[in-house]
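# Geometric and topological summary
Okay, here's what each chain looks like letter by letter:
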Amino acid sequence: MCSRVFMCLIGAVQIYFQVLAAVEDVYIAELTVESNVTLEANTIMSALNLTTVDSPAVTLSHSELVAECLIVGDNSNCNCSTGYIWSNLVCYEYNCCRETPCERNVSQITPLCVAKVKVHISGSVIKNVDVWKSTQTTELKTKFEGLNGFEFLNVTGLRQDNKVADFEAEVSVKFPTSKLQTIVSNLENSLSAVLKVDTIGLVTIEAPETAVCYKSVPVLKCTFEETIGSAGWHLSTKNQRSELYTGSVVNLDTNCATQQYKSCATVTLQSVTGIWSGLYECGFTNGSVRHTAKTLLNVTLLPDTIALRINPLTVDCSEPSDQVPVTVTATISNTPETFDVLWQHMNEQPRVAIFTSDGDYQVYTFNANVDCKSTNATHKVSISFKNSKEQTKTAEVYIPVIYGNNKSCKEDDFWPKTPAGQTVINNTCEAGTVGYKSRTCEASGTWQAVFPYCVSEELNKVSNEADNFLKGLGATQEAALNIFSGLKNSSTSKSDSSDNYIADIIASVNILEVMATASKKITLQEEVLPDFISAASNMLNKSWDAVNTSEIHKMSSNYLQSVEGLVKNINIRSNRSNGSNEIVRPNLQLKFCSSSNCNVSVFGIGVNLNNITGILKAVAVKNLMKKLKNEKFGNMLPTSLLISATMENKNNLSIITLEFPEETLNINTKPHCVFWNTNEKSRSDADWSDSGCVDKSSNGNRAGQVVCECNHLTAFSVLMAKKDISTYTLDMITKVGLGVSICSLLIFLTVEFLVWSAVIKSNLSHFRHTALVNIATFLLLADCSFLPSPEEVSETWCLFLTVCKHLFFLAMFSWMLCMSVMLVHQLIFVFSPLRKRVFMLLSSIIGYVCPILIVGSSYVYCKYTNKQYYNKETCWLVFERLLEGSIHAFILPVGTVILTNLFSMVVVITTLVKTSVPDASKVDDKETAKSIIKVVVFLTPVFGVTWIIGFALLLLDDDNPLFTVANYSFTILNSFQGLFLLITGCFAEQKVRDEMLKLIMAKSKGKSESMKNLTSTTYTKDK
């Protein structure tokens, strides 16, 4: 009997590849061994282990048997080795699954077997009609047995009157998600139910392996081999499970996919604290199936809050005494972290602190002795906490001490005798409230009013929820609804008679500010509007007089800008088929309009806006005007109503018209239209401004109506300003100056075109006119980029205009630098003239390439560091503070050019003074050089000194009288810069004037000759 025996061995070889002894790459390959005689697997493996590779950088580090096939004639029998299972291709194409032998001829398939991987599946079957039956457990198991590597399936429990069945299953190989989705869909149809399924084992997660430092920036990353529609992150702690959203701490990113991992999601945590320790879960969702991975992140802790208290609150050393004992306590929340804690009083030796447990807190106690003999000494007690990463956090408290005859405030109730100029903090609050009370003793020795900040526990809880929402922790729409609902309930819980009502108002305004900031990154839906408007209205029902005027101004400004920000950012559905287009409360009325021409009325005030494509939101506010600061128009009486109009999805803006009924104004007063200007250093600096707002009441409007038209503009001076410092006068100067400059530059370029061939006879003239033409061209483009008002363009166009202005002005200054350096070289190196090719090459690099590199790199830097490149309200670069902000990518190059030009001017003048009379052969070149120098001397104030004035806008404060002078000087001189260039380039240069006269005379002579010929011809015919 003749038979043919064929043996197939498949081995997985792990190849260790080392490059330059520093970088290691690991490769896994399959090796198939075939023979027509029976082979022993052990023989092949032994031979493989003895194999050497002809490369010193490659090492075979590991090999093992994966599969073994025996083929006799047409019969085949293959087995996977222990720890391996049939691949998905073998299972789904040849029906060889699990760990049973395969009798199909699959030896040529790659991969044949794969290493086992534990994939856990859990889920719930939610029945629509009837209850769960035992027969359905069998059906559920049968369907899941269709997965490759199926191990088991168990129903773990029934819920909700047996209508929900929870189950778990396990397979030993990664499978295509489409297979699981097909099984789920089939079960939903056959069981008349909804299935929710989670998997663990298909997604790979990367995270720090050890505890991260306090306030560090850890990054967690999840990858998946298939393309999945959506991804998300959750954080589970001891008390709750929260979904993560992009906020002030959380930054989510899904743009990290690679060719291998087609789905990717990362979460970056900024400045982590203890609340970010926990179990992180990432998930990729496809239909009703979610593929997850989990990892634990540990944060090396430090106390987030250290509450220091002293007893007594002050020390009286005015009475005869050597020492007064003071007890200082530090309270922190319970933590599993072990700290090294040290107390220190003034310059004494630090002492180790031991805590005692007090419920949810750890309390550290220190006894300090205040030496009354040390007159006017400042007594400071500090406590420092050090964690296992050698990080420290310190808190300190000053002990108010009364020495000798120093002024002090007398004891008043539970406020002790206190030294003048000191503030006493009392951490005792009534039941149901948390916080503190403070009272300041003025320098004169009299008490100020008590500042209460004992906030209700319910409102404090809402405040904590809002803080977490801002961070991105559990920032769901449901959480937003709960925050505004809690804010509304708290705003109605206390009356003015309560001692702590003002503390609740302050906290409520802070919550509005937090939610307004959060709404810039986290979209809020319109369902939050009713509770938000109710809460905002309730805050204005009560008097704010319990705090001083400056605090009221700060609170009211924060309130207004927070309300306006929330109204602007809350998403309103454009197709609102149901529901009203307005929300009315006693102190606030909100209306929205999505038509192209909007004309709405809020509290009797008409708001009109035409030719819009977004959604207009108009809010009228009562009982706020008198609380707002009014320094600029202090001699005018405010109305009782305030109007805020914002745009959603705006891409253009027409003039806003506001119609105030006469009864809302005081009798016999002249109306003055203003807007709340928020373009200040801080919200507390905001005030009323009339820039861009005019009174149109007398232009044929209805009797009894006061009509205001507002369209805030941007002045030219914003180029060198920290912020928008526009006024109506500056806007008009800017518009007139830009118009004159553009016309002048067009004339200049036309003249240069006409006289070009005549005025570039020498290299020096060619260099100069080339620089001038480039300066004029880029100045023309920059002026044109400055014409559109920022309020009239979309964000995309605003960014485009910012880039254009940044680029064109830098290019203009770069060509100024080329001209200045060229003149210095020409005068100093008289016998080594600059070659035309060299000049054009260097000038092109400086004038074209350098500005592009500066603008491009500054934009990319801002984009990838999440810093703001441009201000949407001014369409110009951003100033944050000294050496911070994108505007420094303009200021620093411009300042460098200006200083270089001034230095070049000094060198040129000095050289001319010392130079003797030139040779006759050099007369023409010297005359040309002298004429150029005259022009440079005339242009230097325009291109250099005038822009130096702009730097004063960065250095001077707004209230400095010189600031206004610098502002107007800069605007006038530089908005008319094109006119100055026309004067110096055309009218001040002899060659250009002569050539223009020749052209004019030639044209006039041509006309005269034509007229003479025409007369002669006519006379001959008549004769």
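Residues numbered from 1 in each chain as written. Predicted model: local features only at pLDDT ≥ 70, side-chain atom pairs only at ≥ 80, totals over all residues. Heavy atoms only, no water.

## Remarks on the nonpolar core
Side chains that are nonpolar tend, in soluble globular proteins, to be buried together. Counting residues in hydrophobic clusters, the biggest one holds 61 residues, and the most contacted among them are Phe469, Phe532 and Tyr559. Put simply, the parts of the chain that give this core at least two residues each are helix 5 (457-471), helix 6 (477-491), helix 7 (501-518), helix 8 (529-539), helix 9 (549-569), strand 35 (588-593) and strand 38 (615-622). Here the element with the most residues in this core is helix 7; it accounts for 13 residues. Beyond its immediate sequence surroundings of up to four residues, phenylalanine 532 is in contact with Phe484, Leu512, Val563, Leu566, Val567 and Ile570. Counting residues in hydrophobic clusters, the runner-up holds 60 residues, among them Trp815, Met816, Phe970 and Val992. (Core = buried A, V, L, I, M, F, W, Y, C linked by side-chain atoms within 4.5 Å. Buried < 20%, exposed > 50% of the residue type's maximum accessible area, 1.4 Å probe, protein only. Helix = DSSP H or I, 4+ residues; strand = E, 2+ residues; numbered from the N terminus. Contact = heavy atoms within 4.5 Å.)

## Some words on unusual backbone geometry
The omega torsion of the bond from threonine 110 to proline 111 falls at -5 degrees, within 30 degrees of zero and hence cis. Mapped onto the fold, proline 111 is located in the loop between helix 2 (88-94) and strand 6 (113-115). Cis peptide bonds are those with omega within 30 degrees of zero, and the linkage from asparagine 311 to proline 312 qualifies with 5 degrees. When you line up the elements, proline 312 lands in the loop between strand 19 (307-311) and strand 20 (315-317). Positive phi outside glycine occurs at glutamine 160, with the angle close to 50 degrees. Mapped onto the secondary structure, glutamine 160 falls in the loop between strand 8 (150-159) and strand 9 (164-171). Among the residues examined, glutamine 160 registers a relative accessible area of 55% and is labelled exposed.

## As for the state of the cysteines
Throughout the structure, instances matching the rule amount to 12 disulfides. Here cysteine 222 pairs with cysteine 282 through a disulfide, and the sulfurs are 1.8 Å apart. Disulfide cysteine 222-cysteine 282: torsion about the S-S bond near -80 degrees, hence left-handed. In this pair, cysteine 222 sits in strand 12 (residues 219-224) while cysteine 282 sits in strand 17 (residues 278-286), placing the two residues 60 residues apart along the sequence. Across the pair, exposure class does not vary: cysteine 222 and cysteine 282 are buried alike. Between cysteine 593 and cysteine 598 runs a disulfide, and the two sulfur atoms are separated by 2.1 Å. Here the S-S torsion is close to -90 degrees, and the disulfide linking cysteine 593 with cysteine 598 is therefore left-handed. Across the pair, exposure class does not vary: cysteine 593 and cysteine 598 are buried alike. (Disulfide = S-S within 2.5 Å.)

## Thoughts on the sheet that holds strand 18 (residues 289-297)
On the basis of which strands lie adjacent, the open sheet formed by 8 strands has the order 8-9-7-10-18-17-13-14 and mixed pairing. The two strands at the open ends of the sheet, each matched to only one other strand, are strand 8 and strand 14 (241-243). Each strand of the sheet is rotated relative to its neighbour by a mean of 25 degrees, with strand direction disregarded. Pairing analysis gives 8 bridges linking strand 7 (residues 119-127) to strand 9, with the strands arranged antiparallel. The residue of strand 9 that forms the bridge with serine 124 is aspartate 166. Contacting strand 7, strand 8 and strand 9, helix 3 (residues 134-144) runs over the sheet at an angle of about 145 degrees to strand 8. Strand contacts of helix 4 (residues 177-191): strand 7, strand 10 (193-200), strand 17 and strand 18, with the helix running at about 155 degrees to strand 10, the strand carrying the most contacts. (Pairing = 2+ DSSP bridges. Axes fitted to C-alpha atoms, helices over the stretch in contact; angles between N-to-C directions.)

## Comments concerning the side chain of aspartate 166
Along the chain, aspartate 166 falls in strand 9. Of the residues examined, aspartate 166 reaches a relative accessible area of 17% and is grouped as buried. Once you skip the residues sitting within four places of it in the chain, aspartate 166 turns out to touch Gly123, Ser124, Asn154, Val155, Thr156, Gly157 and Arg159.

## With respect to the pattern of salt bridges
Summed over all chains, the structure comprises 16 salt bridges. Here lysine 380 and glutamate 396 are joined by a salt bridge, their closest N and O atoms 3.5 Å apart. Taken together, the residues span a long stretch of sequence, with lysine 380 in strand 26 (residues 379-386) and glutamate 396 in strand 27 (residues 392-399) at a distance of 16 residues. Accessibility expressed as a relative area gives 30% for lysine 380, which makes it partly exposed. Taking relative accessible area as the criterion, glutamate 396 reaches 41% and is therefore assigned partly exposed. (Salt bridge = Lys/Arg side-chain N within 4 Å of Asp/Glu carboxyl O.)

## Brief notes about the packing of helix 7 against helix 9
Close contact between helix 7 and helix 9 brings their axes to 8 Å; oriented N to C, the two are set at 35 degrees. As for how helix 7 packs across helix 9, the hand of that crossing is left-handed. Across the interface between the two elements, Ile502, Ile505, Ile506, Val509, Leu512, Glu513, Met515 and Ala516 of helix 7 pack against Met555, Asn558, Tyr559, Ser562, Val563, Leu566 and Asn569 of helix 9. Here the residues of the contact of helix 7 with helix 9 are counted per class, giving 11 nonpolar, 3 polar and 1 charged. (Left-handed = near helix turned anticlockwise from the far one by under 90°. Nonpolar A, V, L, I, M, F, W, Y, C, P; charged D, E, K, R; others polar.)

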